[in-house]
Each structure stands twice: as structure tokens, then as C-alpha cells.
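Notes for the structure review
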Amino acid sequence: MNQAQSQIARPRPYRLAELGLLILAIAVATSAYALVGLGVEDTIPANVYGYAGWLAALGLILHVVIWIKAKYADPVLVPIAVLLNGLGLAMIYRVDLGRDEYLGSGLTQLIWMTLGVGLAIAVIFVVKDHRWLRRYTYVSGFAALVFLLLPLIPGIGKTINGARIWIGVGPLSFQPGEIAKILLAIFFAGYLVSYKDQLVAAGPKILGIRFPRLRDFGPIVIAWVASVGILVFEKDLGTSLLFFGLFVAMLYVATSKVSWIILGLGFFAAGAVAATFLFSHVGQRVSGWLNALSPEEYNKTPGGSYQLVQGLFGMSNGGLVGTGFGEGRPNMVPYAESDFIYASFGEEIGMAGLFVILLCYLFIFQRGIRTAQQLRDGFGTLLATGLSFTIALQVFVVVGGVTRLIPLTGLTTPFLAQGGSSLIANWMIIALLLRISDNARRPVEDFHTGVLKITEDPEPSGAPGRAETSRTADTSDEEAPTTTLGRADEEAPTDYLGPAGGER
């Protein structure tokens, strides 16, 4: 290898440094678990070594699989996911200890985590190239529709806390909408890449903003009607908001037209106001949000503000640094281990700890968006953006509801909250982001020009992490052409979306 070849910068593969981050995440999660036992029972839990070993085994097995099958995948995603999941297990265990009867919810959640990590490994093995998923655009859309409709089928669907979003699987309950959000992201990515030219066509200009043509309003109207249908028939405000918000975000990335954001917000505002007056369960949620401290609303009935107010009192009691693991009273908040686990953390680790948790989610979102910018194919860009936005929007909706920024919706906090459906779906999202990032960062030999040059620094030229091919100095005397490619061993796709999501 000559000197020019040896100096070529390449993406750093998955190495031992990432193993160090993973070990740190496991250590923090195990410490939280031990502190819960010390705070509640003045002794370290007897099963702490088994818990630590189980958590470490899951993390290390996933690490090895990535090292072998996707060695250029993003190195930060797995440690952050393990950290959040481990902290969630500790808090679920803490809430369980505060009950009159110990239910072993922490062990159940650990089993769900095992299943989630197993499915994540399966995704990494099965999906060798994210572009393969584009073949199943409409199959994914149809499957998502089936999953969303399953809870409405008599004998299968179950109504829990007023929302009909569950199906019975033996003695267990499963929320099919969690899987549907992944399928919808695949469907939206494939659909928007295929029809983005029509969606960016020039239309009327209003107040200096170019709006789409009236005949192109079909997709956003259909998405809006479908989300309202979920709200009406399943009484699920959270899934309705997540579904519509995901479509509008991906539509903006595909077209770079601010007008779609304005239209989306307008449709959402109109639907929210109409639903408040037309549907009693939505009106109760809004009334409990606006008048949380009034005697009329402070009750435990569905839509009452008792849960919200108790959560606010708990976070207020935690202050800046919290009471410490096991030293608070999270059991005074209904569903402290699921819907309001963020408030439970706020009481015991304080505002500072909550900011750290939010920062972890921000890292996941940032790494997903950076992966989207590194990709050359439009489908991958939209899919990575959609999956990242799904987690970000879900966190915003949950935290906004708990802190009384917006009405409560019933969504769960990704990785932290108790719930097997959500945990499995979010681990599958992490697996897809790992696969996409591996494809985006992997160096490829260009058979036309020889050596591939990878620029990891986003500043010098073009989009971040974009692969560039160039002839080495000793290959030819003529001026070396520079060509931006996705995968050099195949024809470059024509549906590229630039860093801002617009057509290049």
C-alpha cells in the first residue's frame, strides 16, 4: 500500500471504545438498581448480581452481533438504549417495592427487554440493506392498517382505561399500534420518495409562502382522516397525534416545503378543537389539563386531574437533585411505573437527572438525523428521519403531558416505562437505525477509480459523512475527477434527498 492509500480516512468501525460505553451504561443501571434496594429496604437486593449479569449478557451479545454483522453502525445508540432501559428497570422495581403486594414487574420487564433485544438481533441479521424494505412499501402500509384495526375486532380487542388499543394474547396484553408505527414509517418513506415530484409542484403563493396545488392535498387529508378515525373509534389521543405528526414531519423532509408544516398544524388544530367539543373523552382530557387544580377536576375518574397534579407535586418534591433512589413516594401517583414514570424519576433524581434523561433521547434523535444526512438514497433518508422522529415526538408528548405543557395522551416513555409492546418496538427501531447507519458509514471500493476516500468531517464539502471517490496520485496523470456516490458497486439512485430533505 502506497503512502496516498495509507492516509485515506475511513469510518471507524465498531471497536472496544464502544464496549467501554456499554459497560459504563450497565454499571450505572446496576448502581441505580442497588440504590433502590438500599433506599427502600436498607440493603442491597439479593438478586443484584443476577440482574447485572442478565443485563450485561443482553448488552454484550448485541454488541458482538453488531461487531460482526454491522461493524460500521453508529456506536452510541446501543449504550444509550441499554442505559435508558436499565434505569427504567430500576424505577419499575422501586415502584413495585412500594406496593402492598410485590408483583415482580421488574422481572417481567426484563423478560420483555430480552425479547426486544432478540428481535433487534433478528432485524440486523434479516435486513442486510435498508433499501430492501422499499420493495414492501404498500405491504407495510396494509400491515400497519391491519395492526391498527386489530383492537376493534370483538373478542380480540381489549379496552383498558377507556382506550381500546390492546389485544389479548393469552394472559398478556399487546398494543399492536407500537408495531404499526414502524410499518407506517416504512410506508411513508417509500410513498413519499415515489411521489415527491408531485408534492413539490408549484401552487398558489399566499403571504409569501408557496403552497401545494389543491389536487396534491390528498395524502395529508387521508392521514388526517385516519388519525381522527383512531381518535374516535379507539379513543387513543396519543397514537392519533403520533401517527399524524410522523407523516407531516416526513412530508416536510421529503419536500422541504414549509407550507406542508403550516397545513399540518392547521389540520391538527382544527381536528383538536372539533374533537374537544364532539368527543367526551377528549373534552375531559382537555378540561382536566386546563383546570387541573380546580376541585371539580381533581378526581380519579378518567380524564380527571388527580394523576397529573400528584405527578407535579412529586417532581416539585424532588427539586433540583431529587430525594434519592428509594427515598421518594412515587406510589402516590397512579401508574407511576408506566404513564408517569418520568414524574417518578423527577422525584427521586430531581430536575438535573431529568435533564440527563432528556439528553439521552436527544442523542438518539441527533444520531438518527445525522445518519439520515449521510445517506445518498432518499428512501433511507426518510426512513431514518421517520424512525428518529417517532422516538423524539413520543418523548415530547409524554414529557409535555406530565409537565402540563399539553394534555395527557396515554403514550409511554420509550425504554423507561413499563410495557412490553413499546419496549419491543423501540428496540426494533434501534436495530433499524443501526443497520441504516452501517450502510451509510461503510467504506466501499470503487471499481472505476480504485481507492475510496471517506470524509467524516461534515465541514469541508457537501453533506456530512458523504462518501467521495478519487483517483490516487499514482493512478493517472490527468486531473482526478471527484464523484459523490452512495454504494459504489451499483447504479446511483435518482431519488436523492439532500441534507435539508429537498430535491437536489
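Quick caveat, the model's predicted, so the values are computed rather than measured.

1. As for the overall build of the protein chain
Of the regular secondary structure elements, the protein chain holds 15 helices and 8 strands. Pairs at least 24 apart in sequence give 69% of the contacts found in the protein chain among residues at least 6 apart. For the protein chain, the exposed area adds up to about 22300 Å²; of that, 65% sits on carbon and sulfur atoms.

2. Topic: the side chain of serine 437
Residue position: serine 437 is located in helix α15 (residues 420-441). A residue is classified by how much of its surface remains accessible, and serine 437, at 0% relative accessible area, is buried. Within the local environment of serine 437, its side chain forms a polar contact with the backbone nitrogen of aspartate 74, the two atoms lying 2.9 Å apart. Side-chain polar atoms of serine 437 contact the backbone oxygen of leucine 434, separated by 2.9 Å. With residues up to four places along the chain from it excluded, the contact list for serine 437 reads Tyr72, Ala73, Asp74 and Thr371.

3. Details of unusual backbone geometry
The phi dihedral of aspartate 42 falls on the positive side, at around 60°, and the residue is not glycine. With respect to the secondary-structure elements, aspartate 42 resides in the loop between α2 (16-41) and α3 (48-69). The class for aspartate 42 is exposed, based on a relative accessible area of 68%. In this structure, arginine 404 takes a positive phi of about 70° despite not being glycine. For arginine 404, a relative accessible area of 30% gives the class partly exposed.

4. A short note on the layout of surface pockets
Taken as a whole, the second largest pocket holds about 770 Å³ of empty space. Lining the second largest pocket are 34 residues, and of these Leu241, Phe244, Leu265, Phe268 and Ala272 lie nearest its centre. Of the residues assigned to the lining of the second largest pocket, the class counts are 26 nonpolar, 8 polar and no charged.

5. Observations concerning the pattern of salt bridges
Enumeration according to the criterion identifies 8 salt bridges in this entry. We note a salt bridge from arginine 367 to aspartate 74, for which the minimum N-O separation is 2.8 Å. A residue pair is termed long-range when its members are at least 10 positions apart, and arginine 367 in helix α13 (residues 341-374) and aspartate 74 in the loop between α3 and α4 (77-97) qualify at 293 residues. When sorted by exposure, arginine 367 lands in the same class as aspartate 74, which is buried.

6. With respect to empty space enclosed by the protein
One way to see where empty space is left: roll a probe the size of a water molecule over the atoms. Counted under the stated rule, the structure contains 4 cavities of 30 Å³ or more. In this model, the second largest cavity occupies a volume close to 70 Å³. Residue assignment for the lining of the second largest cavity shows that the elements contributing at least two residues are α7 (177-199) and α9 (237-255). The element that contributes the greatest number of residues to the lining of the second largest cavity is α9, accounting for 4 residues.

7. Notes on the confidence of the model for the protein chain
Per-residue pLDDT for the protein chain averages 80, and the proportion of residues at 70 or more is 79%. Taken as a whole, residues 1-9 scores under 50 in pLDDT and shows 10 contacts with residues more than four places along the chain or in a different chain.

8. Things to note about the sheet that holds strand β3 (residues 172-174)
Taken in spatial order, the 3 strands of this open sheet run β1-β2-β3, and their pairing is antiparallel. Pairing within the sheet leaves two strands with one partner each, and these edge strands are β1 (157-160) and β3. Averaged over all adjacent pairs, the angle separating strand axes in this sheet is 50°, with direction ignored. Taken together, the 3 bridges between β1 and strand β2 (residues 163-169) define a ladder with antiparallel strand orientation. Note on β2: the bridge partner recorded for glycine 157 is isoleucine 167.

9. Considering a nonpolar patch on the surface
Taken together, the side chains of Phe125, Val126, Trp132, Tyr136 and Val139 present a nonpolar region at the surface, about 460 Å² in accessible area. If you trace the backbone, valine 126 turns up in helix α5 (residues 105-126).

10. Examining the packing of helix α10 (residues 258-278) against helix α11 (residues 280-290)
Axis separation between α10 and α11 bottoms out at 6 Å; the angle between their running directions is 105°. Taken together, the axes of α10 and α11 are roughly perpendicular relative to one another. Touching Ala275, Thr276 and Leu278 of α10 are Ser280, Val282, Gly283 and Val286, all from α11. Its residues assigned to classes, the contact of α10 with α11 comprises 4 nonpolar, 3 polar and no charged.

11. Considerations on the side chain of threonine 390
Position of threonine 390 relative to the elements: it lies in helix α14 (residues 378-402). Within the local environment of threonine 390, its side chain forms a polar contact with the backbone oxygen of glycine 386, the two atoms lying 2.8 Å apart. Discounting residues that sit within four places of it in the chain, threonine 390 has contacts with Lys181, Leu242, Leu246 and Ile429.

12. Digging into the environment of tyrosine 361
With respect to the helices and strands, the residue tyrosine 361 is situated in helix α13. On the basis of relative accessible area, tyrosine 361 is assigned to the buried category, the value being 5%. Dropping the residues within four chain positions of it, tyrosine 361 is found in contact with Leu84, Ile391, Val395, Thr413, Pro414 and Leu416. Within polar-contact distance, the side chain of tyrosine 361 engages the backbone oxygen of proline 414 at 2.4 Å.

What counts and how
Residues numbered from 1 in each chain as written. Predicted model: local features only at pLDDT ≥ 70, side-chain atom pairs only at ≥ 80, totals over all residues. Heavy atoms only, no water. Helix = DSSP H or I, 4+ residues; strand = E, 2+ residues; numbered from the N terminus. Contact = heavy atoms within 4.5 Å. Areas by Shrake-Rupley, 256 points an atom, 1.4 Å probe, with all protein chains shown as cover. Buried < 20%, exposed > 50% of the residue type's maximum accessible area, 1.4 Å probe, protein only. Polar contact = N/O pair within 3.5 Å; in protein donor to acceptor, adjacent residues only side chain to side chain. 1 Å grid on protein atoms, 1.4 Å probe; cavity = no way out; pocket = protein on both sides within 12 Å on 5 of 7 lines; lining within 4 Å. Points joined across faces, edges and corners; volume = space filled by probe spheres on them. Nonpolar A, V, L, I, M, F, W, Y, C, P; charged D, E, K, R; others polar. Salt bridge = Lys/Arg side-chain N within 4 Å of Asp/Glu carboxyl O. pLDDT = per-residue confidence, 0-100. Pairing = 2+ DSSP bridges. Axes fitted to C-alpha atoms, helices over the stretch in contact; angles between N-to-C directions. Patch = residues over 30% accessible without salt bridge, like charges linked within 9 Å, V, L, I, M, F, W, Y side chains within 5 Å. Parallel < 35°, antiparallel > 145°, perpendicular 65-115°, else oblique.

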